[in-house]
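This is what each chain is made of:
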Amino acid sequence: MASLDEKNVLDDAKAVSASQEDLPVDEKRGPLTTVSEVSSAEGDEALQLVGKERTAQFSDEYNRKLRRKLDLWIPPLCAAVYFTQFLDKTSLNYASIMGLPITGQHYNLVSMAFYLGFLFWEFPTVYISQKLRVAKYLGANVVIWGAVLMLHASTTSFGGFFALRFILGMCESCVAPLLILIISMFYKKNEQASRISWFYVMVSISSPLNPSRF
């Protein structure tokens, strides 16, 4: 009986091996693994929306190569944007040691204006980003906040500084949500946390550059 069972196991193994050899092969992407198609009525809401399940998926080797290429571009760019945004948050500290004409309670209110604008525009900007192209919307905000930051040099009044800091907070409120959204568009769920941590590390790198620490 034991020998008969072993023979059945060997036959099953040979059958699996033969079926794998018959799988389609893409020279650039490697062997494709077939996946059975499922009726949309048997799946969840997402499957019903798509209409059918995928019929093939790429090999692990191809996925590793693709992941390495993505890692060379997407996380570094996200980290650069986050690094710049965090420096802009603390730009008032740079101005304070270079003769900023706003002192005392006015300085505290101007500093608070950034976070008021951030809080005011956080939810609308996330909603708008879902209706537009994420990359273009993020890029437009980066350009606008750069222009607003340069305008800080053109005003010496409390009202002007307050308005500029408020607008700066509005422009930068989209950064963290959109960067996380971009990461989720290119990486699997179990790969996202480590990539997101890459640009959150920028906070610790930019903090030593903050003049308020000296």
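Criteria and thresholds
Residues numbered from 1 in each chain as written. Predicted model: local features only at pLDDT ≥ 70, side-chain atom pairs only at ≥ 80, totals over all residues. Heavy atoms only, no water. Axes fitted to C-alpha atoms, helices over the stretch in contact; angles between N-to-C directions. Helix = DSSP H or I, 4+ residues; strand = E, 2+ residues; numbered from the N terminus. Parallel < 35°, antiparallel > 145°, perpendicular 65-115°, else oblique. Left-handed = near helix turned anticlockwise from the far one by under 90°. Contact = heavy atoms within 4.5 Å. Nonpolar A, V, L, I, M, F, W, Y, C, P; charged D, E, K, R; others polar. 1 Å grid on protein atoms, 1.4 Å probe; cavity = no way out; pocket = protein on both sides within 12 Å on 5 of 7 lines; lining within 4 Å. Points joined across faces, edges and corners; volume = space filled by probe spheres on them. Buried < 20%, exposed > 50% of the residue type's maximum accessible area, 1.4 Å probe, protein only. Core = buried A, V, L, I, M, F, W, Y, C linked by side-chain atoms within 4.5 Å. UniProt positions renumbered as here; feature names shortened; annotations may be inferred. Salt bridge = Lys/Arg side-chain N within 4 Å of Asp/Glu carboxyl O.

**Q** Got a sec to walk through the packing of helix H6 (residues 134-151) against helix H8 (residues 175-186)? Specific residues and values, please.
**A** For the pair H6 and H8, the least separation of the axes is 11 Å and the interaxial angle reads 150°. Comparing the axis directions of H6 and H8 gives the class roughly antiparallel. Crossing angle aside, the handedness with which H6 passes H8 is left-handed. Taken together, the residues of H8 that come into contact with H6 (itself represented by Val 134, Tyr 137, Leu 138 and Trp 145) are Val 175, Leu 178, Leu 179, Leu 181 and Ile 182. Of the residues that constitute the contact of H6 with H8, the class distribution is nine nonpolar, no polar and no charged.

**Q** Can you explain the layout of surface pockets? Please cite residues and give values.
**A** Estimated volume of the second largest pocket: approximately 180 Å³. Of all the elements in the fold, those that place two or more residues in the lining of the second largest pocket are helix H4 (91-96), H6 and helix H7 (158-172). Here the lining of the second largest pocket is composed, by residue class, of eight nonpolar, four polar and one charged.

**Q** Tell me about the side chain of Thr 155, residues and numbers included.
**A** Tracing the sequence through the fold places Thr 155 in the loop between H6 and H7. A relative accessible area of 14% places Thr 155 in the buried class. Ignoring any residue separated from it by four or fewer positions in sequence, one finds Thr 155 in contact with Gly 160, Phe 161 and Leu 164.

**Q** Which residues make up the nonpolar core, and what values do they have?
**A** Buried together is how nonpolar side chains tend to be arranged in soluble globular proteins. Counting residues in each nonpolar core, the largest one holds 25 residues, and the members touching the most others are Cys 78, Tyr 82, Leu 179, Ile 183 and Phe 199. Among the secondary structure elements, those contributing two or more residues to this core are helix H3 (60-89), H6, H7, H8 and helix H9 (189-206). The contacts of Cys 78, once residues within four sequence positions are left out, are Leu 179, Ile 182, Ile 183 and Phe 199. Core analysis: the next-biggest nonpolar cluster, separate from the first, contains six residues, Leu 92, Leu 100, Ile 102 and Tyr 107 among them.

**Q** Let's hear about the UniProt feature "transmembrane region" (unreviewed entry) in the chain: which residues, and what values?
**A** Per the UniProt annotation, the sites labelled "transmembrane region" (unreviewed entry) are residues 70-87, 107-127, 134-154 and 166-187. Across residues 70-87, the secondary structure splits into 100% helix and 0% strand, with the terminal C-alpha atoms separated by 26 Å.

**Q** Describe the pattern of salt bridges, naming the residues involved and giving the relevant values.
**A** For the structure on display, the rule yields three salt bridges. In this structure, the salt-bridge partner of Arg 67 is Glu 191, at a minimum N-O distance of 2.8 Å. Residue Arg 67 is found in helix H3, and its partner Glu 191 is found in helix H9; the two are separated by 124 residues along the sequence. Its relative accessible area of 23% is what places Arg 67 among the partly exposed residues. The partner of Asp 71 in a salt bridge is Arg 195, with the nearest N and O atoms 2.9 Å apart. With Asp 71 in helix H3 and Arg 195 in helix H9, this pair connects stretches of sequence that are 124 residues apart. Residue Asp 71 is classed as buried on the basis of its relative accessible area of 16%.

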